[in-house]
Amino acid sequence: DKGLEKTKTTFFSKLTKAITGKSKVDDEVLDHLEEILVSSDVGVETTLKIIQRIEARVANDKYLGTDELNQILREEIAALLAETNSGNDSEFVVPANKKPYVIMVVGVNGVGKTTTIGKLAYQFKKAGLKVVLGASDTFRAAAIDQLQIWADRVQVPIVKQQMGSDPASVAFDTLQSAVAQNADVVIIDTAGRLHNKIGLMNELTKVKKVMQKVLSDAPHDVLLVLDGSTGQNAFEQAKQFTAATEVSCLAVTKLDGTAKGGVVIGISDQFQIPVKYIGVGEGIDDLQVFNKFEFVDSFFK
Ligand code: GDP
């Protein structure tokens, strides 16, 4: 699978090394496994959960072959991901009864928020949907410019105001414009500052409330973008944003640049939020709908 090469090779070779020549799953094997999961950024809590499940399964029969351990591990990770990731979509689709379907995108600067919005717009447009972007990250001029560049590239309309204007007002205008154009999808960028928790909460709440003046059930999704190569920082950001607003789904970016794709498993488990998209490169086409089976398979070849 494109993009997950590094994670796949590293994880699989470490795992193979840990269990080669072993005829049973003993404490040493489990210790190794724990190390591998933690070093793949699965996170301590989720790693312990996985280890406990494996222990429970080998308790009766410790004389398992390595193939069987592989299989059990694969099953347990898939089961864990299935707790929060119910869908098996591989296509970019929008809910049938939401028109326009409104996504509010949150995340700190540099994680790939703008790029993810651009890639998403591209996919939705490719699927025949009418997309409108809203530049509600009014704090930095560069953020507005970058979003404009993506809008030009994908050839979708963008609603923006000048730097420093009220983010909620931009969101309001965007929704009104989208409704007037009979658009299918609205993607709203928001400011990426991690100000204090109260500041972040107030700003996101205000943007939401103002959108609801146009569409009472908007936003339909709050998508948190996290950089998959930043390990503990990504966990920390997830903590802050979930405390500030109701995050409904995740996009984990830059998985092509890391050998630690386990962050996807850990964050999804720890925060009980589905991973909807993964970023696997800088190109317009390098966004995938997250599929738990493909993801687990890519870990084990
Ligand atoms: P923002 O500040 O969060 O809006 O971040 P940008 O969208 O500007 O992205 C920051 C940098 O990360 C840019 O150089 C992007 O090309 C890069 N980037 C974004 N997503 C990915 C990805 O999935 N893989 C790789 N390798 N780079 C990415």
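All chains use their own residue numbering, which begins from 1 and follows the written sequence. Only residues with pLDDT of at least 70 get local features here, since the model is predicted, and only at 80 or more are side-chain atom pairs given and counted; chain-wide, interface and lining totals rely on the full set of residues. Hydrogens and water are ignored here; the side-chain numbers use all heavy atoms of the structure.

The chain appears in an unreviewed UniProt entry as Signal recognition particle receptor FtsY from Flavobacterium aciduliphilum. UniProt positions are given in the numbering used here, feature names are shortened, and annotations may be inferred rather than shown by experiment. You can read under Function (unreviewed entry) in the UniProt record for the chain the words "Involved in targeting and insertion of nascent membrane proteins into the cytoplasmic membrane. Acts as a receptor for the complex formed by the signal recognition particle (SRP) and the ribosome-nascent chain (RNC)." Taken directly from UniProt, the Catalytic activity (unreviewed entry) text for the chain runs: "GTP + H2O = GDP + phosphate + H(+)".

## Points about the site of the ligand
A single heavy atom is enough: if one lies within 4 Å of a molecule or strand, its residue is considered near that molecule or strand. The local shell around the ligand holds 15 residues, among which G110, T114, T115, D256 and E282 are the closest. For the ligand, an oxygen atom lies 2.5 Å from a polar atom in the side chain of T114. At 3.4 Å, a backbone N or O of V280 approaches an oxygen atom of the ligand. Accessible surface is estimated by sampling points in the Shrake-Rupley manner with a 1.4 Å probe; for residues, cover comes only from the protein chains shown. Considered on its own, the ligand offers 580 Å² of accessible surface; in the complex 77% of this is hidden by protein. Looking at which element gives the most residues to the shell around the ligand, the answer is helix 5 (residues 113–126), with four residues. Basically, the charged four are Asp, Glu, Lys and Arg, the nonpolar ten are Ala, Val, Leu, Ile, Met, Phe, Trp, Tyr, Cys and Pro, and anything else, Gly included, counts as polar. Of the residues contributing to the shell around the ligand, the split by class is three nonpolar, seven polar and five charged. Pairs of N or O atoms are called polar contacts if they sit within 3.5 Å, as long as, within protein, a hydrogen donor faces a hydrogen acceptor (for residues adjacent in sequence, only side-chain-to-side-chain pairs). Strands are runs of DSSP state E lasting at least 2 residues, helices are runs of H or I lasting at least 4, and numbering of each runs from the N terminus.

## So, the sheet that holds strand 3 (residues 158–159)
Reading across from one edge, 3-2-4-1-5-6-7-8 is the order of the eight strands in this open sheet, with mixed pairing throughout. Two strands in the sheet have a free side with no partner beyond their single neighbour: strand 3 and strand 8 (287–289). At least two bridges found by DSSP between two strands is the condition for calling them paired. Two elements, strand 5 (residues 221–227) and strand 6 (residues 249–253), share five bridges in a ladder whose sense is parallel. Counterpart to D227 in the pairing with strand 6 is T253. Contacts between residues were defined by any pair of non-hydrogen atoms, one from each residue, lying within 4.5 Å. The axes are straight lines fitted to the C-alpha atoms, using for helices just the contacting stretch, and the angles between their N-to-C directions are given from 0 to 180°. Contacting strand 1 (101–106), strand 2 (131–136), strand 3 and strand 4 (185–190), helix 7 (residues 167–180) crosses the sheet at an angle of about 165 degrees to strand 2. Helix-sheet contacts for helix 8 (residues 197–214) involve strand 1, strand 4 and strand 5, and the interaxial angle to strand 1 is about 170 degrees.

## Considering the packing of aromatic side chains
Aromatic rings from Phe, Tyr and Trp, with only the six-membered ring used for Trp, were paired whenever their centres fell within 6.5 Å, and each pair was classed as stacked if the ring planes differed by under 30 degrees, edge-to-face if by over 60, and tilted otherwise. This model, assessed by the stated rule, comprises three aromatic pairs. Centre to centre, the rings of F92 and F124 are 6.4 Å apart; their planes meet at 90 degrees, and the pair counts as edge-to-face. Separated by 32 residues along the polypeptide, F92 in the loop between helix 4 (66–84) and strand 1 and F124 in helix 5 bring together distant segments of the chain. Each member of the pair, F92 as well as F124, carries the same accessibility label: buried. Taking the centre distance of 5.3 Å and the plane angle of 55 degrees together, the rings of F290 and F295 count as tilted. Considered together, F290 and F295 belong to a single accessibility category, that of buried residues. What links up through ring pairs into an aromatic cluster is the set F92, F124 and Y277. We call a residue buried when its accessible area falls under 20% of the maximum for its residue type, exposed when it is over 50%, and partly exposed in between, using a 1.4 Å probe and counting protein chains only.

## Description of unusual backbone geometry
Peptide bonds are mostly trans, and most non-glycine residues show a negative phi. Between K99 and P100 the backbone carries a cis peptide bond, its omega angle lying at -5 degrees. Turning to its location among the elements, P100 is positioned in the loop between helix 4 and strand 1. Residues A218 and P219 are joined by a peptide bond in cis, for which omega reads -5 degrees. With respect to the helices, strands and loops of the structure, P219 is situated in the loop between helix 8 and strand 5. One non-glycine residue, D41, lies in the positive phi region at around 70 degrees.

## Here's the deal with the UniProt feature "domain: SRP54-type proteins GTP-binding" (unreviewed entry) in the chain
The sites that UniProt annotates as "domain: SRP54-type proteins GTP-binding" (unreviewed entry) are residues 274–287. From the first C-alpha to the last, residues 274–287 spans 16 Å; its make-up is 0% helix and 43% strand.

## What about a negative patch on the surface?
A cluster of like negative charges, contributed by D27, D31, E35 and E55, occupies part of the molecular surface. Considering each element in turn, the negative patch owes the most residues, three residues, to helix 2 (residues 27–39). Along the chain, the position of D27 falls in helix 2. Exposure above 30% relative accessible area and the lack of any salt bridge qualify a residue for a patch; like charges then connect within 9 Å, and the nonpolar side chains Val, Leu, Ile, Met, Phe, Trp and Tyr within 5 Å. In the sections that follow, a salt bridge refers to a side-chain nitrogen of Lys or Arg positioned within 4 Å of a carboxyl oxygen of Asp or Glu. A residue counts as positive if it is Lys or Arg and as negative if it is Asp or Glu; His and the chain ends are not included. Think of each charge as sitting on NZ of Lys, CZ of Arg, CG of Asp or CD of Glu.

## A closer look at the pattern of salt bridges
Throughout the structure, instances matching the rule amount to 15 salt bridges. The partner of K113 in a salt bridge is D137, and the shortest N-O contact between them spans 4.0 Å. Of this pair, K113 sits in helix 5 while D137 sits in the loop between strand 2 and helix 6 (141–154), and the two are 24 residues apart along the sequence. For the residue pair K113 and D137, the accessibility class agrees, reading buried in each case. K126 serves as the salt-bridge partner of D285, at 3.9 Å between the closest nitrogen and oxygen. Taken together, the residues D285 in the loop between strand 7 (275–279) and strand 8 and K126 in helix 5 connect sequence positions 159 residues apart.

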